[in-house]
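Working through the structure, step by step
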Amino acid sequence: MGVPEMFHVGIVVPDITTAQARLTELLDTRWGPIMEPEMEWRDAHGAAHVTNHRISWSDGPPYIELIEERPGTLWECNEHSNLHHIGYYSGALTADSQHLTDARCPFQGTMGTGPEPAAFTYHRDPLGVRIELVDDSSREGMRLLTGRRDD
């Protein structure tokens, strides 16, 4: 795994509207719309799931992804903090995912239900820090989603 390019920080919050208002008040953060996608994903044991999300992205760097908590899924507040993940682009999702697993940062889940990683992977370090690898092929879509004009 080469030096990854940091893309964003994901924070799980109990209520996305409250979190947006508070971060705007504190940091003058501006937000895109709240999106409510339904996502199929696979956990580390191979079980398939479908989760309805509420997600919003800040409109400029540093990019913040707010995710409303979904108890019983990967998207829940944890015992360490509400910082859910630090996201990095990956040009070799399968290999980079395996690298993190080999480095004692176990795989937790990926999009879709197939056997290979797709779109993203989550890995959780024993310190409680979760790393998200975002497939580099989604860079343009993420740029449109976040309104990014850089890169």
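Right above here is the structure, for reference.
Residues numbered from 1 in each chain as written. Predicted model: local features only at pLDDT ≥ 70, side-chain atom pairs only at ≥ 80, totals over all residues. Heavy atoms only, no water.

So, about the overall build of the protein chain. Per the secondary structure count, the protein chain includes 3 helices and 9 strands. The helix and strand sequence of the protein chain, counted from the amino end, reads β-α-β-β-β-β-β-α-β-β-β-α. By the compact-globule yardstick of 15 Å for 151 residues, the protein chain fits well, its C-alpha radius of gyration being 15 Å. In terms of overall dimensions, the protein chain has C-alpha extents of about 40 × 35 × 30 Å along its principal axes. Going through the 151 residues of the protein chain one by one, you find that 44% of them count as buried. (Helix = DSSP H or I, 4+ residues; strand = E, 2+ residues; numbered from the N terminus. Rg over C-alpha atoms; globule rule 2.2 N^0.38 Å. Buried < 20%, exposed > 50% of the residue type's maximum accessible area, 1.4 Å probe, protein only.)

Across the sheet, which stays open at both edges, the 9 strands sit in the order S3-S2-S7-S8-S9-S6-S1-S5-S4 with mixed pairing between neighbours. With one partner strand each, in any of the chains shown, strand S3 (48-52) and strand S4 (55-57) form the two edges of the open sheet. Averaged over all pairs of adjacent strands, the angle between strand axes in this sheet comes to 25 degrees, irrespective of strand direction. Taken together, the 3 bridges between S4 and strand S5 (residues 64-68) define a ladder with antiparallel strand orientation. Paired with Ile55 across the bridge in S5 is Ile67. (Pairing = 2+ DSSP bridges. Axes fitted to C-alpha atoms, helices over the stretch in contact; angles between N-to-C directions.)

Put simply, the largest pocket is a space of about 400 Å³. Taken together, 20 residues form the lining of the largest pocket, with Met39, Ile55, Glu65, Met111 and Phe120 sitting closest to its centre. Of all the secondary-structure elements, those providing two or more residues to the lining of the largest pocket are strand S2 (38-43), S4, S5, strand S8 (120-124), strand S9 (130-135) and helix H3 (139-146). Its residues assigned to classes, the lining of the largest pocket shows 14 nonpolar, 3 polar and 3 charged. (1 Å grid on protein atoms, 1.4 Å probe; cavity = no way out; pocket = protein on both sides within 12 Å on 5 of 7 lines; lining within 4 Å. Points joined across faces, edges and corners; volume = space filled by probe spheres on them. Nonpolar A, V, L, I, M, F, W, Y, C, P; charged D, E, K, R; others polar.)

Using the criterion set out here, one finds 6 aromatic pairs in the structure. Aromatic ring contacts, followed pair by pair, group Phe7, Trp57, Tyr63 and Tyr89 into a single cluster. When the ring centre of Tyr122 is taken as origin, the NZ or CZ atom of Arg130, which lies over that ring, is 5.8 Å away. It is Arg139 that lies over the ring of Tyr89; its NZ or CZ is 4.0 Å from the centre. (Phe/Tyr/Trp six-rings, centres within 6.5 Å; stacked < 30°, edge-to-face > 60°. Lys NZ or Arg CZ within 6 Å of the ring centre and 35° of its normal.)

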